[in-house]
Amino acid sequence: TTLLYTIKFEEKMVINFNAGPAKIPSEVLKQVQSELLDFAGTGMSITEISHRSPEFSALLKETSSLMREVLDIPENYQVLWLAGGASGMFAAIPLNLVTGSGDVVDHIVTGNWSKNAAKEAEKYATVNYVVPVTSSFIGLPVEEQMKFTPEAKYIHYCENETVYGIEFPHIVKGDTPLICDMSSNFLTRPVDVSKFGVIYAGVQKNLSTAGLACVIIRDDLISAEHHHPVPKIWDFKLQAEGNSCVNTPNVFSIYVTNLVLKNIMRIGGLKALAELSDKKSKRIYDLIDGSGGFYVCKIDKDARSRMNITFNTANSELESEFVKQAKECGIEGIKGHRSVGGMRASLYNAITVQEVETLAGFMTEFMKNHKE
């Protein structure tokens, strides 16, 4: 059957549903384009200027201030901009926070990324897996299942798992500092930062281009005392004292971050983005649940991600055809992660309601053409 559904494009020829790096708001890309050859009247591109220049110093200061304003970060927290993305922080967190040979760290594993973080932490500390690790993931652990270590240095978890499409709707309760990887749902809803010891995020999903991590860390957790030697580029104390410029920071990514933060403020901040996120994800989940079993989401309803909607067709043989026809209609990045298959639609902040409606239209038409 030939698919009849046709997308009407305005500016872009595709809709980017990739899980990351991901779509950047078009208005931000246009500004990047217009300023690329001459940043702030320097006559040089942002990709060329020195990280020690007054123009970049002003940009960096403003970007950190914007982040504080958008997230309402308390004064007793530092905002750091570090190399390596979130995967680099998997090592940097235990390297900075583990101070003794017998230190235990608690890890809640709910998917691939939290599993990777725990494996990395095993190199530097004794890891207590708060819940047994399984080979696949469909939901969140209940509190009664969690076995925390009273003397643990911290509790680590990933708030949104992109591969399976699992998201914590609440903040984990614990008596030791909470360390949270928010890479894939960062800046998609208001957050009480004071509940956390450290929040970190790779910025390439909701905020900027790849290669940068934003680390928000409480002052009392910044220490010069480490059990293992810490590379200076990931030494939180050195970077806090050096204004994230101990090494050359990712100048371009910080610049794009600055523009996206301003865009977030223009559209109403995190409360507005949270409402949009709920609306977008509900549209697709309602379609899946109302498809009479043609589409299936395997994730428990109370754990479904607003950011990464994973789904299958009941007839698995149709999935490759779904991805193929979606691509022909300009819908990119819809194929599921290679480890789980199926389909995945990543509905990050830059994805518009109209683009979600286009996806819903395609899914509806595909179902009509292939339903037995």
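Every chain is numbered on its own, with residues counted from 1 as its sequence reads. Confidence filtering applies because this is a predicted model: local features only for residues at pLDDT of at least 70, side-chain atom pairs given and counted only at 80 or more, and all residues used for totals across whole chains, interfaces and linings. The basis for every side-chain value is the complete set of non-hydrogen atoms in the structure, without hydrogens or water.

Novice: Where do I start with the pattern of salt bridges in this structure?
Specialist: Two side chains bearing opposite charge may form a pair once their charged atoms approach each other closely. Take a side-chain nitrogen of Lys or Arg and a carboxyl oxygen of Asp or Glu: if they are within 4 Å of each other, that pair is a salt bridge. What the rule picks out here adds up to 14 salt bridges. In this structure, Arg283 engages Glu357 in a salt bridge whose closest nitrogen and oxygen atoms are separated by 2.9 Å. Separated by 74 residues along the polypeptide, Arg283 in helix α7 (residues 269-289) and Glu357 in helix α9 (residues 353-370) bring together distant segments of the chain. Starting at the N terminus, helices and strands are each numbered in turn, a helix being any DSSP run of H or I of at least four residues and a strand any DSSP run of E of at least two.

Novice: Please explain the sheet that holds strand β9 (residues 198-202) as it appears in this structure.
Specialist: The strands making up a sheet associate through backbone hydrogen bonding, with each pair oriented either parallel or antiparallel. Across the sheet, which stays open at both edges, the seven strands sit in the order β2-β10-β9-β8-β5-β3-β4 with mixed pairing between neighbours. Looking at the sheet topology across the chains shown, the edges are occupied by β2 (77-83) and β4 (126-129). Across the sheet, the axes of successive neighbouring strands diverge by a mean angle of 20°, strand direction being ignored. For two strands to pair, DSSP has to find at least two bridges joining them. The pairing of strand β3 (residues 104-107) with β4 spans four bridges and is parallel. Think of each axis as a best-fit line through the C-alpha atoms, taken over the contacting stretch in the case of a helix, with angles from 0 to 180 degrees between the N-to-C directions.

Novice: Would you explain the packing of aromatic side chains in this entry?
Specialist: Aromatic rings considered in pairs are described by the distance between their centres and by the relative angle of their planes. Stacked, tilted and edge-to-face pairs are distinguished by plane angle, under 30 degrees for stacked and over 60 for edge-to-face with tilted covering the rest, among Phe, Tyr and Trp rings (Trp via its six-membered ring) whose centres lie within 6.5 Å. In this structure the tally under the stated criterion is 13 aromatic pairs. Summarising the aromatic geometry, the rings of Tyr295 and Phe311 are spaced 5.8 Å apart at their centres and angled 85° between planes, so their arrangement reads as edge-to-face. Of the two residues, Tyr295 sits in strand β11 (residues 295-296) while Phe311 sits in strand β12 (residues 308-313), which places them 16 residues apart along the sequence. Residue class for Tyr295 comes out buried when judged on its relative accessible area of 2%. With a relative accessible area of 1%, Phe311 lands in the buried category. Each ring, one from Phe362 and one from Phe366, has its centre 6.0 Å from the other, and the planes form 35°; the classification is tilted. Separated by four residues within a single helix, Phe362 and Phe366 lie in helix α9, roughly one turn from each other. Across the pair, exposure class does not vary: Phe362 and Phe366 are buried alike. One aromatic cluster is present, formed by Phe294, Tyr295, Phe311, Phe322, Phe362 and Phe366 through successive ring pairs. The buried label goes to any residue with under 20% of its type's maximum accessible area, the exposed label to any with over 50%, and the partly exposed label to all in between, with areas taken from a 1.4 Å probe on protein chains only.

Novice: I keep staring at helix α6 (residues 251-266) and nothing clicks. Help me out?
Specialist: Because an α-helix completes one turn every 3.6 residues, residues spaced three or four positions apart along the sequence face the same direction. Along its 16 residues, α6 runs 23 Å from first to last C-alpha, staying within 8% of the 22 Å computed at 1.5 Å per residue. Of all the 16 residues making up α6, 12 are buried; the element is thus mostly covered by neighbouring parts of the structure. When we look at burial in α6, the residues that qualify are Val251, Ser253, Ile254, Tyr255, Val256, Thr257, Asn258, Leu259, Val260, Leu261, Asn263 and Ile264. The elements touched by buried residues of α6 are α1 (26-35), α2 (54-71), β2, β10 (212-218) and α7. Here the expected span of a helix is defined as 1.5 Å times the quantity of residues minus one. We call two residues in contact when some of their heavy atoms are within 4.5 Å.

Novice: Honestly, the state of the cysteines in this entry has me stumped. Any pointers?
Specialist: Criterion for a disulfide: a pair of cysteine sulfur atoms within 2.5 Å. Counted according to the given criterion, the structure contains zero disulfides. The thiol of Cys158 is not disulfide-bonded; the next cysteine sulfur, from Cys180, is found 7.0 Å away. Judged by relative accessible area, Cys158 falls into the buried class, the value being 3%. Unpaired in terms of disulfides, Cys297 finds its nearest cysteine sulfur in Cys158, a separation of 17 Å.

Novice: What is the right way to read the side chain of Arg304 from this model?
Specialist: Checked against the element boundaries, Arg304 lands in the loop between β11 and β12. In this structure Arg304 comes out as buried when scored by relative accessible area, which is 14%. Of note is the side chain of Arg304, whose polar atom sits 2.9 Å from the side chain of Asp289. Apart from residues no more than four positions distant in its own chain, Arg304 is found in contact with Gly165, Glu167, Tyr285, Asp289, Cys297 and Ile299. Throughout this description, a polar contact denotes any pair of N or O atoms lying within 3.5 Å of each other; where both atoms belong to protein, one of them has to be capable of donating a hydrogen while the other can accept it, and for residues adjacent in sequence the pair is counted only when both atoms sit in side chains.

Novice: Looking at this structure, how should I read the pairing of β10?
Specialist: If a strand is regular, its side chains alternate between the two faces of the sheet. Among the seven residues of β10, seven are classified as buried, and the element is accordingly described as predominantly covered. Here seven bridges tie β2 to β10, and the two strands are oriented antiparallel to one another. When the bridges of β10 are listed, Leu80 appears paired with Val215. The sheet contact formed by β9 and β10 spans five bridges and is antiparallel. Bridged to Gly202 within β10 is Ala213.

Novice: How should I be thinking about the sheet that holds strand β14 (residues 343-346) in this particular structure?
Specialist: If you trace the three strands from one edge of the open sheet to the other, you get β11-β12-β14, paired in antiparallel fashion. The open sheet has two free edges, formed respectively by β11 and β14, since each of these has just one partner strand. Here β11 runs beside β12; their pairing, made up of two bridges, is antiparallel. Directly across from Tyr295, in β12, lies its bridge partner Thr313.

Spatial relationships are all this shows, so hold off on functional conclusions.
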